[in-house]
Amino acid sequence: MAFLFAVNTTALDRLWPAVEAWYGRLPPALFRLGVLLRHELAAAWSDTGQFADSLRRPPTCPPERSEWGTEPPAKGGPADLPWLSVSAELLPPEAPPALADALLLAMAAAGAAAHLRARCAARDPELDPDFEQLEAALLAEVEAQLARLLPPQAPAWDAYQRRRARHHQAGVPAEAWAAAAAPFTAERRRAADWAALLALPALAAGRPELESLLDDLALQHHTLRECLAVRADLRAGRPSYPLARLRLAARLPADAAPETVLGALVLSGVMGQIAAESGAELAEARRAALALGLPGLAGHCAALAEQFAALAAAFALRPGLADPGRPTPAFQPARDPLAEAVTMAAGYLLADRAFRESWEVQRRGLFGEAEVTGRVFGPGLILELLAEHHADLAADVDALLDRLAVDGYRYYPHRAVPPDSDDLGLALRLCRHAADPARQRAQLARPLGWLPLNQGADGHLPCWLTRGVEDLDTTAGAVLWGGRCQTVEANLLLGLLAFDPAGQAGLITRAGAAWLERWQAAGLGGNALYEPGYALWTALRLITALRGWAPLHAQAELALPSALERLAALAPAAGSAQLAACLTLACRGLGAPPEARRLFRPEWLTLLLARQRYDGGWPAEPLFVTPTRGEAAAWYASAAVTSALGWAALRAASRA
């Protein structure tokens, strides 16, 4: 048997198809996640990039430990936890093969679940939250295999439940690290509890005395991971044991610059102290493992100790201390995933400045035409978000505004369709970003003249502008459903406030008062055409703007609490990228009220980063209602519009 490779590779090769078959039986909702997880496990836990080789890579072999057997090649990363080898070593030789098989299958599932829990505990922003469903399925498989090993009433089940609870509670919040005191024992244990299931073989083998030994091995493994990740953790603002210990030793302020912290790590000798302490503890663990007749486990302890020694040498001030025979510690690169995601999204959006993907094309004979294309509104929503930060889009804004004028401020360029408040509001908001704003303002005088003619008796502004429109074809008999929508009206009011608040003061005051009254009566129930996240973000923008509009300040103040209450209710339901983006903009966008900023949830950014595709965009998600066959209602969805909202949300969060 190879050095430290206590797992029976023949048995593992025989059983691995059963592991793969389990993933193949997953229901459709989890099957896709299972495929991704297998590739991730292969990349993280194997040298070959193959799933069949994951979770069984031997640790680094110290050259002077050749008395333990054949040496594998040296590796630069932290030694892997022995997910599969420890299960084989702890079962007695007389154990029936079926029990050994069940334990190995249980540990294959436990190792995969632990990998996901480690990423959750580290608050990895690129981990798709849906993976928690797959983690639950993996833990169910662990229990199914353990049921083959343990009688229903066995005391080991209680120990398993305690370990499963530790698994779920792994990770230490930033505020807990800030309040922690040396020697940080409880915090260190909880941070390493993503590996709490490593000790399951000790329970299955009826050797509970080995649990603490396996916990110690997991703790030291996690400590080494944290030591190698200090640069990445500093950049991401993630606390850890080495950083908490350093701040205590060097009395660094909480807002110390990363460069200062890294320098202090060298000058303070903290990293060397951690390495020396961990090395001593691992030496004791190795002696205990050998005394218990577990040479494989002893070898894992020795491999980790060697890596801690190399870590100490890397942080030493005196030259010549590093042993060239030892592997060089591989420090994780410091990445800023938020900035990277913003850059990727901008690249995706700007690759096609016509934003053709966002055009709505109707090929079902609408108005008797073979094809009708709404090619202005979707691109306009994207331009509105981008133009705030990309001045070079001014010519594109001009072209879109000119197209809107030619189309008569209609969603579809057809005379049977009346101009609508949404398109007009968009034009009014975009005007300030135009290359030739004076010309655009002149063009907008005509549609602005329609508004007083179409305003309702109670002051509201309708979705469709039918009065005063000279070229409207009233003989087509078009059905105009969705005549009132608070989100559409809010978009128009925001346009009027951005375009000419003084010149349109009377219209704004009257329509704004009607809007606020309806909001108080119906809340989001007055929204008829948009999904709730976008509708709420728009409502909050208008309420905030009207708080600064003297005639309506008091009325807007009364409307704000119900909007914030709706935001708090939507917050935990943000399971899609677009909803997370809209809620982030509601809390962190330009002009967001302080009361909304306090409701922001970091997990929205986590979800956005996890769902971003490799090209920088996000998949299309429903945004507003559009007609489909038989004039039934359907949802418009555009990858480009969803991506523009995602880009704007990430940028707003990075700016906050």
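Values in this document were obtained by computation on a predicted structure and should not be read as measured data.

Basis of the calculations
Residues numbered from 1 in each chain as written. Predicted model: local features only at pLDDT ≥ 70, side-chain atom pairs only at ≥ 80, totals over all residues. Heavy atoms only, no water. pLDDT = per-residue confidence, 0-100. Contact = heavy atoms within 4.5 Å. Helix = DSSP H or I, 4+ residues; strand = E, 2+ residues; numbered from the N terminus. Polar contact = N/O pair within 3.5 Å; in protein donor to acceptor, adjacent residues only side chain to side chain. Core = buried A, V, L, I, M, F, W, Y, C linked by side-chain atoms within 4.5 Å. Buried < 20%, exposed > 50% of the residue type's maximum accessible area, 1.4 Å probe, protein only. Axes fitted to C-alpha atoms, helices over the stretch in contact; angles between N-to-C directions. Parallel < 35°, antiparallel > 145°, perpendicular 65-115°, else oblique. Left-handed = near helix turned anticlockwise from the far one by under 90°. Nonpolar A, V, L, I, M, F, W, Y, C, P; charged D, E, K, R; others polar. Disulfide = S-S within 2.5 Å. Expected span 1.5 Å × (residues − 1). Bend = angle between axes of the 7 residues up to and from the residue. Phe/Tyr/Trp six-rings, centres within 6.5 Å; stacked < 30°, edge-to-face > 60°. Pairing = 2+ DSSP bridges. Salt bridge = Lys/Arg side-chain N within 4 Å of Asp/Glu carboxyl O.

Peer 1: Even after reading the chapter, I still don't get the confidence of the model for the protein chain, so can you show me in this structure?
Peer 2: Reading fine detail from the predicted coordinates is not recommended where pLDDT is low. Mean pLDDT over the protein chain stands at 86; residues scoring 70 or higher make up 90%. Note on residues 61-76: pLDDT is under 50 here. Beyond four places in sequence and across chains, it has 38 contacts. Throughout residues 320-324 the model reports pLDDT below 50, and contacts reaching past four residues in sequence, or to other chains, amount to three contacts.

Peer 1: Looking at this structure, I do not really get the side chain of Gln-578. What am I missing?
Peer 2: Counting through the fold element by element, Gln-578 comes out in helix α25 (residues 577-588). In this structure the side chain of Gln-578 is engaged in a polar contact, spanning 2.9 Å, whose partner is the side chain of Thr-642. Aside from chain neighbours lying at most four places away, what touches Gln-578 is Glu-531, Glu-621, Pro-622, Leu-623, Thr-642 and Leu-645.

Peer 1: Can you help me understand the nonpolar core in this one?
Peer 2: General note: in soluble globular proteins, nonpolar side chains tend to be found buried as a group. Counting residues in each nonpolar core, the largest one holds 112 residues, and the members touching the most others are Leu-496, Trp-515, Trp-519, Tyr-530, Ile-543, Leu-608 and Leu-650. Looking at this core element by element, the count peaks at 10 residues for helix α28 (residues 639-655). Once you skip the residues sitting within four places of it in the chain, Leu-650 turns out to touch Leu-338, Ala-341, Val-342, Leu-605, Leu-608, Leu-609 and Trp-618.

Peer 1: Can you help me understand the packing of helix α20 (residues 437-454) against helix α21 (residues 486-499) in this one?
Peer 2: Helices that pack against each other are described as a pair by the angle of their axes relative to one another and the distance between those axes. Between α20 and α21, the shortest axis-to-axis distance is 13 Å and the interhelical angle comes to 135 degrees. Of the possible angle classes, the one that applies to α20 and α21 is oblique. Remark: the crossing between α20 and α21 carries left-handed chirality. Contact with α20, carried on its side by Arg-441, Leu-444, Leu-448 and Leu-451, involves Leu-492, Leu-496 and Phe-499 of α21 and no other residues of that element. Residues of the contact of α20 with α21, tallied by class, amount to six nonpolar, no polar and one charged.

Peer 1: Got a minute to help me understand the state of the cysteines in this structure?
Peer 2: Within the structure shown, the criterion is met by zero disulfides. Here Cys-485 stays unpaired: no disulfide links it, and the sulfur of Cys-463, its closest cysteine neighbor, is 5.3 Å away. We classify Cys-485 as buried; its relative accessible area is 3%. There is no disulfide at Cys-587, and the cysteine sulfur nearest it, in Cys-582, is 11 Å away.

Peer 1: What is the right way to look at helix α24 (residues 553-570) in this model?
Peer 2: Because each turn of an α-helix spans 3.6 residues, side chains separated by three or four positions in sequence point in the same direction. Here α24 is 18 residues long and its end C-alpha atoms lie 26 Å apart, about the 26 Å a rise of 1.5 Å per residue gives. Its axis deflected by about 25 degrees at Ala-559, α24 carries its strongest bend there, up to four residues before the proline Pro-561. For α24, the set of buried residues is Ala-556, Ala-559, Leu-560, Ala-563, Leu-564, Leu-567 and Leu-570. As for α24, its buried residues are in contact with α22 (505-522), α23 (532-547), α25 and α26 (594-597).

Peer 1: In this structure, what is going on with the packing of helix α4 (residues 97-121) against helix α5 (residues 131-146)? I would like to understand it.
Peer 2: Interhelical geometry of α4 versus α5 gives an angle of 155 degrees and a closest axis separation of 8 Å. Put simply, α4 runs roughly antiparallel to α5. Every pair of crossing elements has a handedness; the one defined by α4 and α5 is left-handed. Contacts between α4 and α5 involve Ala-102, Leu-105, Ala-106, Ala-109, Ala-110, Ala-112, Ala-113, Leu-116, Arg-117 and Cys-120 from the former and Phe-131, Glu-132, Glu-135, Leu-138, Leu-139, Glu-141, Val-142 and Gln-145 from the latter. By residue class, the composition of the contact of α4 with α5 is 13 nonpolar, one polar and four charged.

Peer 1: Help me out: how do you make sense of the packing of aromatic side chains in this one?
Peer 2: How two aromatic rings sit relative to each other is given by the distance of their centres and the angle of their planes. All chains considered together, the criterion is met by 16 aromatic pairs. Ring centres of Trp-157 and Tyr-160 lie 5.9 Å apart, and the angle between their planes is 90 degrees; on these two criteria the pair is classed as edge-to-face. With Trp-157 and Tyr-160 both in helix α6 (residues 156-168), this residue pair falls three residues apart, about one helical turn. An identical accessibility class is assigned to Trp-157 and Tyr-160; each is buried. A centroid spacing of 6.0 Å and a plane angle of 55 degrees characterise the contact between Phe-377 and Tyr-411, whose relative ring orientation is tilted. With Phe-377 in helix α17 (residues 377-387) and Tyr-411 in the loop between α18 (394-407) and α19 (421-430), this pair connects stretches of sequence that are 34 residues apart. Per residue, the accessibility class of Phe-377 equals that of Tyr-411, and both read buried.

Peer 1: Help me understand the pairing of strand β4 (residues 633-638) in this model?
Peer 2: Consecutive side chains of a regular strand alternate in pointing toward one face of the sheet and then the other. Bridge count for strand β3 (residues 621-627) against β4 is six bridges, and the pairing is antiparallel. The residue bridging Pro-627 from the neighbouring strand is Ala-633, located in β4. As consecutive antiparallel partners, β3 and β4 are separated by five residues, and within that stretch Gly-630 has a phi angle of approximately 70 degrees, a positive value.

Peer 1: Just to check I follow, could you spell out the pattern of salt bridges for this structure?
Peer 2: On inspection of all chains with the given rule, the structure shows 32 salt bridges. For Asp-193, the salt bridge identified is with Arg-166, shortest N-O distance 2.7 Å. On the criterion of sequence distance, the pair formed by Asp-193 in the loop between α8 (185-191) and α9 (200-204) and Arg-166 in helix α6 is long-range, its members being 27 residues apart. Take Asp-193: its relative accessible area is 8%, and that puts it in the buried class. Between Glu-284 and Arg-287 there is a salt bridge; the shortest N-O distance is 2.8 Å. Residue Glu-284 and its partner Arg-287 are both found in helix α14 (residues 270-291); the two are separated by three residues, about one turn of the helix.

Peer 1: Hey, could you run me through α5 in this one?
Peer 2: The first and last C-alpha atoms of α5 sit 23 Å apart over 16 residues, in line with the 22 Å expected at 1.5 Å per residue. Along α5, the residues that are buried comprise Phe-131, Leu-134, Glu-135, Ala-137, Leu-138, Leu-139, Glu-141, Val-142, Gln-145 and Leu-146.

Peer 1: Would you mind showing me how to read the side chain of Asp-80 here?
Peer 2: Turning to its location among the elements, Asp-80 is positioned in the loop between α2 (28-45) and α3 (85-90). The exposure class of Asp-80 is buried, given its relative accessible area of 10%. In this structure Asp-80 touches Trp-45, Arg-57, His-221 and His-300, once residues within four positions along its chain are discounted.

Peer 1: Explain unusual backbone geometry to me, please; I cannot follow it from the model alone.
Peer 2: With omega at 5 degrees, the peptide bond leading from Ala-182 into Pro-183 counts as cis. Positionally, Pro-183 belongs in the loop between α7 (174-179) and α8. Even without glycine at this site, Phe-184 takes up a positive phi of about 60 degrees. For Phe-184, a relative accessible area of 4% gives the class buried. One non-glycine residue, Phe-355, lies in positive phi territory at about 50 degrees. Tracing the chain through its elements places Phe-355 in the loop between α16 (337-350) and β1 (360-362). Owing to a relative accessible area of 3%, Phe-355 belongs among the buried residues under this scheme.

Peer 1: So what exactly am I meant to see when it comes to the environment of Pro-419 here?
Peer 2: Mapping Pro-419 onto the fold places it in the loop between α18 and α19. According to the relative accessible area criterion, Pro-419 is buried, its value standing at 1%. For the pair formed by Pro-419 and Pro-447, sequence separation is 28 residues and the distance between their alpha carbons is 8.5 Å. For Pro-419, the residues in contact, after removing those within four places along its chain, are Gly-408, Tyr-409, Arg-410, Trp-450, Cys-463, Trp-464, Leu-465 and Val-469.

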